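Spelled out, the chains give:
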Amino acid sequence: MSQTPNSSLQFAFDCPLPNGLHARPASQLSEIARRFASECSLSNLRNNLAANAKSVLGIIAADIRHHDPCILIVDGPDCESALAALQKFVEQTLPHCDVPLASVSQGGSKKALPRSLQKANPVVSWGSQVSRGIGMGKVVILSRMTLPPASDSLRATHPHHELDKIKAAVAGVRHRISDRLKYAGTPVGTDILQADLAMAGDVALMEKLASEVSMGKSAAQAIVETGQFFINLLGNSDNEYVRQRSADIEEICLQLLDEIGGRNPAASIKLSEPCVLVAEAIAPQQLLDLDRRFLKGLVLEHSGTTSHAAILARSLGIPTLAGVRNARLFLTPGQEALVDANRGFAIAGITPGVRRFYEREQGAFRRRKQLWSLQSGKAATTTDGQRIEVAANVLSGDELIPAFENGADGIGLFRTEMIFLSREQAPSEEEQYAIYSEAARRSGNRPAIIRTFDIGGDKKVPYLNLAKEENPFLGWRGVRLYSDHQEFLQQQLQALLRASAEGNIQIMVPMVASVDEILQFKAALAEAQQRLRERGTSFQANIKIGIMVEVPSVAFAVEQLCREVDFFSIGTNDLVQYFFAADRGNPKVSSRFGVRHPAFLRFLDQIVEQIHLSGKWVGMCGEMAGELFNLPLLLGLGLDEISVPAAEIPSFKQAIAKLDSESCVKILDHALACTCVREVDELLASQSLQSPTQPLLSDHLILLDNESHSKEEVIQEMVNTFFICGRTENRQQLEDAIWAREAMGSTGFGYGFAIPHCKTDVITANSICVLRMKSPIEWDAAQGEQVSTVVLLALRESDKVNTHMQVFSVLARKLMNNDFRQYLQTIQTVQQIIQYLSEQLGIPSERGSLSITAPPQLS
Amino acid sequence: MKIVAVTACPTGIAHTYMAAARLEKVAKNFGHEIKVETQGAMGIENKLTESDIRQAQIAIFAVDIEVEGRERFNGVKVIQVPLQEALKSPENIFSKIQR
């Protein structure tokens, strides 16, 4: 301690805290400083940032880390006692006030990246997959702190007046935090709330707010700009912990905005180039308002994977991740980012290595689609001849063409409420007719099931003037509100009936819980028919009517309902949450009470059986149907149809062709006897799909003139080849199996050859894959071995007596033969290789319907 | 010289058989008579009989895992090498034997 000439006092120290001087100790330090009249300033000598020590935000922004040299300067009437108090705190309390911050470090995810991507060293953050696909673009962050475009909150009155509003809001927020403090429970919870409390009344925050209003801003605007200012300030810190505090300040500013009623919960944003949108959460309307041409990917911090925004994203085919922790800090606005919603992560910053990986990846998807499009037009039939329709879920007319291009057997669910959302007034009958008649025409003879509007729950429509409900999912939604909005219903029914003259339109009613609802609905339909007759307009008189099975009570009225309707479609999303009383948006309960819970499966089994006993048709259109993993259960249930996102149809048809219905019934029986979701998951994971029709050798498995640059890329290429021709859906596990063998010792054996091999059940058939490179690559760095021809032997693990093992051993022996190797290295065409190998190994070969010998397109 | 050999690798899909083929060929070049038992994914094949083993002057184990039925070779001179050596430089093995 030393006395300076202008009577200020100072005290130097090194920061003793391993996590730096973060929010909680900062709030304690600032609290002590505020007890005194003297000005207290804290300087970080490492980065020359100085802060008002009475401001938590200021201290945090000074980014004081472990061992940073700091100086506290106190100047004023009570400087001596102030310095003594601060020094006592720094020396005695500060070193011990740090609770270990377990969650600050990255969660140590065990999930692995593909080897060839690992090599590119990407910066990755994991989440859960909501809507599959890959998207790349500039990061745009959807701020929660936005104001309604034209509202009173933007108009400033006198600065004094605005400042008063802010002061009242701050008092209100502090009051609420203090209230919560009384019930905080844990010491850590108390500390966090206390830090929030300090932040809400922070000197620096108040100064910034006051200066904004003095410049003529409204209170709401001042809060938004102040929030933005501190978020940027903290967000730019190198310290992960400090960056996370920007989320706290955002939360406080949001509360301040709520306090003055100036917040716009669903602000829109304008996209003008390919973008990856990052948000805490997003409302369906916000998503619909975005220019989809530019929306390449969506990264959400909120973890719900079955929210309506998530369903919407899936239906629109936007690659989407949910539950990505701190996504808004991990991704920087303007930066290039990539969403890999197939594997479940986002990558910040696109390096050339990452770009090359994804160009190869997209090449693989292109070729797979090309190959499969030839087969997806056919009906989906199991190996033992059971047929199941694979229909598409759609939200808008735009999705009809891709649905049928992907081979949809019909439209299983056309959600019309999206036509009603995101607009100022209801769509007219003409407007609706245009959409429905397009669906009718495009579907032709195939069924187009159109669901009447399902509004309420989390889907709000301004012009219906729905009252705010305590519990909207259990309230006034779906068919229930039709009695209040007869004219809307009439318009929709008349539009649907008119369209029915042009194709196979079927009408489905949402949220039916009881028979009288369907009777009322049919009365409304009769009225619509009568009105059309009076107008002299034609329609399909015996149009089929069905209901959604999404309220459990339906299961106890199946017989009665079967007398009134023609078909049923199970909507698992709502059904499962009503069945278990478990909110699907709450991961704590939704993971435990999911659609694969044995109790729910028994419930479904009973419903399907009862409906079939009455001779009626039953499909499924919920998220459960769209997950390939569930397919054996769906076939086991004996559903007549499943309705899935359009992009998934080819995968489903391929997978159905590999299953037999009797085994699926057995799998379902086993699942029904399980006790929890985990057991069913394990049961399904242990079921390996095997295709009896895929031969050992095939055109698709011979790759010539390949341009891979490394061993990692060669293996990726071969794994992708299995994926392209439908021999695996689990590329990661196949790749891991191949690398596991490489880890035991390189499979290069000289002469420019390598023979990697694996045993795994993630392949559908034993396979021999041959890859010949344009120029040799290093196969094993330790031995400096150059390889240009790779022969991969892939064997199914569970086949006890593997008939192909004999062939593999012959091939292995022949590879020791000079002539054999030379022949493999020099034959010109794929066909010749197949023919030669077939002769030499004594096996029949498959003539593929499409020859794909070209290397992947590297654009 | 009469030689018996056993090849075995962990997965037993490829290298067991490659090494067997290699040993058979190089032995012939050296003018030896050889019989190779493979212990791979198909189990034991071309099994060495008691008399095969009794008549052999030496046994070669080209293996990366434990040999099944090792006790059969009690009393026989055994030379054990990593399987890779049988693949890459089998000549070395045979020149060692001759010395």
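Quick caveat, the model's predicted, so the values are computed rather than measured. (Residues numbered from 1 in each chain as written. Chains lettered and ligands numbered in written order. Predicted model: local features only at pLDDT ≥ 70, side-chain atom pairs only at ≥ 80, totals over all residues. Heavy atoms only, no water.)

Turning next to the overall build of chain B. Looking only at helices and strands, chain B has four helices and five strands in total. In chain B, the succession of α and β elements from N to C terminus is β-α-β-β-α-β-β-α-α. Relative to the globule expectation of 13 Å for 99 residues, the C-alpha radius of gyration of chain B, 12 Å, shows essentially globular dimensions. Taken along the three principal axes of its C-alpha coordinates, chain B extends 35 × 30 × 15 Å. Across the 99 residues in chain B, those meeting the buried criterion constitute 51%. Within chain B, residue pairs in contact and separated by at least 24 positions form 61% of the contacts whose partners lie at least 6 positions apart. Here chain B displays about 4500 Å² of accessible surface, and carbon together with sulfur accounts for 46% of that area. In chain B, 13 positive and 12 negative side-chain charges are present, and the distance between their average locations comes to 6 Å. (Helix = DSSP H or I, 4+ residues; strand = E, 2+ residues; numbered from the N terminus. Rg over C-alpha atoms; globule rule 2.2 N^0.38 Å. Buried < 20%, exposed > 50% of the residue type's maximum accessible area, 1.4 Å probe, protein only. Contact = heavy atoms within 4.5 Å. Areas by Shrake-Rupley, 256 points an atom, 1.4 Å probe, with all protein chains shown as cover. Lys, Arg positive; Asp, Glu negative; His and termini not counted. Charge placed at Lys NZ, Arg CZ, Asp CG, Glu CD.)

On to the overall build of chain A, then. The helix and strand inventory of chain A stands at 31 helices and 27 strands. In chain A, 70% of the contacts between residues at least 6 apart in sequence involve partners at least 24 apart. As displayed, chain A offers around 35500 Å² of accessible surface, 50% of which is attributable to carbon and sulfur atoms.

The interface is formed by 19 residues belonging to chain B together with 23 residues belonging to chain A. Together chain B and chain A conceal approximately 1800 Å² of surface at their shared face, both sides included; 65% is due to carbon and sulfur atoms. One salt bridge in this structure joins A:Arg813 and B:Glu24, with 3.3 Å as the shortest N-O distance. At the boundary of chain B with chain A, the tally comes to six residue pairs in polar contact (both at pLDDT 80 or more). By residue number, the principal contributor to the side of chain B that touches chain A is helix α1 (residues 15-29) of chain B, which donates seven residues. Residue composition of the side of chain B that touches chain A, by class: ten nonpolar, five polar and four charged. (Buried area = accessible area lost by both parts, 1.4 Å probe. Salt bridge = Lys/Arg side-chain N within 4 Å of Asp/Glu carboxyl O. Polar contact = N/O pair within 3.5 Å; in protein donor to acceptor, adjacent residues only side chain to side chain. Nonpolar A, V, L, I, M, F, W, Y, C, P; charged D, E, K, R; others polar.)

All names here are of chain A. If you walk through the whole model with that rule in mind, you get 50 salt bridges over all chains. Between Glu 713 and Arg 360 there is a salt bridge, with the nearest N and O atoms lying 3.4 Å from each other. Linking Glu 713 in helix α27 (residues 711-724) with Arg 360 in helix α13 (residues 352-376), this pair joins segments that are 353 residues apart in sequence. Like Arg 360, Glu 713 is buried. Note that Asp 574 and Arg 584 form a salt bridge whose closest N and O atoms lie 2.9 Å from each other. Of this pair, Asp 574 sits in helix α20 (residues 572-580) while Arg 584 is found in the loop between α20 and α21 (587-590), placing the two residues ten residues apart along the sequence. What makes Asp 574 buried here is its relative accessible area of 5%. You can call Arg 584 buried: its relative accessible area is 10%. Residues joined in a network through salt bridges with shared partners are Glu 417, Arg 451, Asp 454, Arg 477, Asp 574 and Arg 584.

Residue and element names in this part refer to chain A. In this structure the tally under the stated criterion is 22 aromatic pairs over all chains. A centroid spacing of 5.1 Å and a plane angle of 40° characterise the contact between Phe 420 and Phe 453, whose relative ring orientation is tilted. Note that Phe 420 is positioned in helix α15 (residues 417-420) and Phe 453 in the loop between β16 (448-451) and α17 (486-500), a separation of 33 residues in sequence. Under the relative-accessibility criterion, Phe 420 is labelled buried at 2%. Here a set of aromatic residues connected by ring pairs shows up, and it is made of Phe 579, Phe 580, Phe 593, Phe 600 and Phe 603. Sitting over the face of the ring of Tyr 433, Arg 498 holds its NZ or CZ atom 4.1 Å from the ring centroid. (Phe/Tyr/Trp six-rings, centres within 6.5 Å; stacked < 30°, edge-to-face > 60°. Lys NZ or Arg CZ within 6 Å of the ring centre and 35° of its normal.)

This part is about α1(B). Its 15 residues place the ends of α1(B) 21 Å apart at the C-alpha level, agreeing with the 21 Å of an ideal helix rising 1.5 Å per residue. B:Gly31, located one to two residues past α1(B), shows a positive phi value of around 80°. (Expected span 1.5 Å × (residues − 1).)

Looking now at the nonpolar core. Side chains of nonpolar character tend, in soluble globular proteins, to be buried together. Residue and element names in this part refer to chain A. Residues Leu 639 and Ile 642 are the most contacted members of the largest nonpolar core, which totals 120 residues. Counting contributing residues per domain, this core is built from domain 2 (115-142 + 267-362) and domain 4 (383-686), each supplying no fewer than three. When sequence neighbours within four positions are dropped, the list of residues in contact with Leu 639 reads Ile 388, Ile 570, Val 608, Val 618, Gly 619, Met 620 and Leu 634. Membership of the second largest hydrophobic core comes to 63 residues, among which are Ile 32, Ala 53, Val 213 and Phe 230. (Core = buried A, V, L, I, M, F, W, Y, C linked by side-chain atoms within 4.5 Å. Domains from an automatic or database assignment.)

All names here are of chain A. Taking 1.5 Å as the rise per residue, helix α3 (residues 79-93) with 15 residues should run 21 Å; its terminal C-alpha atoms sit 20 Å apart, in good agreement. Taken as a whole, α3 has its buried residues at Cys 79, Ala 82, Leu 83, Leu 86, Gln 87, Phe 89 and Val 90. Looking straight down α3, one finds its buried side chains confined to an arc of 155°; they lie on one side. Away from its buried face by more than 90 degrees, α3 exposes Glu 80 and Lys 88. Looking at the packing, one finds that the buried side of α3 touches β2 (9-14), α1 (23-34), β3 (39-44) and β5 (69-75). (Arc of directions from axis to C-beta.)

All names here are of chain A. Pairing in this closed barrel of eight strands is parallel, and the strands run β14-β15-β16-β17-β18-β19-β20-β21 around the ring. The sheet shows a mean angle of 30° between the axes of neighbouring strands, direction not considered. The sheet contact formed by strand β20 (residues 617-620) and strand β21 (residues 641-645) spans two bridges and is parallel. Looking at β21, one finds that Met 620 is bridged to Ile 642. The strands touched by helix α16 (residues 429-443) are β15 (411-415), β16 and β17 (505-509); relative to β16, the strand with the most contacts, the crossing angle is about 160°. Helix α24 (residues 649-657) contacts β14 (389-394) and β21 of the sheet and is inclined by roughly 160° relative to β14. (Pairing = 2+ DSSP bridges. Axes fitted to C-alpha atoms, helices over the stretch in contact; angles between N-to-C directions.)

Another aspect to go through is the confidence of the model for chain B. Summarising the model, chain B shows a mean pLDDT of 91, and 99% of its residues fall at 70 or more. Here helix α4 (residues 90-98) of chain B stands out as the element of chain B with the lowest mean pLDDT, 86, in contrast to strand β1 (residues 2-8) of chain B, whose mean of 95 is the highest. (pLDDT = per-residue confidence, 0-100.)

Let us now look at the confidence of the model for chain A. Overall, the prediction assigns chain A a mean pLDDT of 85, with 89% of residues at 70 or greater. Every residue in residues 846-859 of chain A scores below 50 in pLDDT, and together they form 31 contacts with partners more than four places removed in sequence or on other chains.

Turning to the sheet that holds strand β13 (residues 345-348) of chain A, a few remarks are in order. The pairing of strands in a sheet happens through backbone hydrogen bonds and is either parallel or antiparallel. Residues and elements named next belong to chain A. The eight strands are arranged β6-β13-β12-β8-β9-β10-β11-β7 in an open sheet whose pairing can be described as mixed. Edge positions in the sheet fall to β6 (123-126) and β7 (128-131), since each has one partner strand and no second. If you compare each strand with its neighbour and ignore which way they point, the axes differ by 30° on average. Where strand β8 (residues 134-141) lies against strand β9 (residues 275-279), four bridges are found, and the strand directions are parallel. Bridge assignment links Val 140 to a residue of β9, and that residue is Leu 277.

A few words on the environment of A:Leu209. Residue and element names in this part refer to chain A. Residue position: Leu 209 is located in helix α7 (residues 203-214). Classification of Leu 209 as buried rests on a relative accessible area of 1%. Sequence-wise, Leu 209 and Glu 225 are 16 residues apart; in three dimensions their C-alpha atoms are separated by 8.4 Å. Residues contacting Leu 209, with those up to four places away along its chain left out, are Ile 166, Ala 222, Ile 223 and Thr 226.

Residue and element names in this part refer to chain A. Across the five residues that make up β17, a large majority, five, are buried. Of the two faces of β17, the one carrying Ile 505, Ile 507 and Val 509 and the one carrying Gln 506 and Met 508 are both buried. Sheet topology places β16 next to β17; four bridges connect them, and they run parallel. Bridge assignment links Ile 449 to a residue of β17, and that residue is Gln 506. Where β17 lies against strand β18 (residues 544-549), four bridges are found, and the strand directions are parallel.

We now examine the side chain of A:Glu742. Residues and elements named next belong to chain A. Among the secondary structure elements, Glu 742 is positioned in helix α28 (residues 731-743). Within the structure, the side chain of Glu 742 is placed 2.7 Å from the side chain of Lys 711, a separation counted as a polar contact. The residues touching Glu 742, leaving out its near neighbours within four places in the chain, are Lys 711, Ile 715, Thr 747, Pro 756 and Trp 779.

Residues and elements named next belong to chain A. For Lys 814, the position within the fold is in helix α29 (residues 805-814). Each C-alpha atom of the pair Lys 814 and Gln 840 lies 8.6 Å from the other, and the pair is 26 residues apart in sequence. Among residues more than four places away in sequence, those in contact with Lys 814 are Phe 820 and Gln 840.

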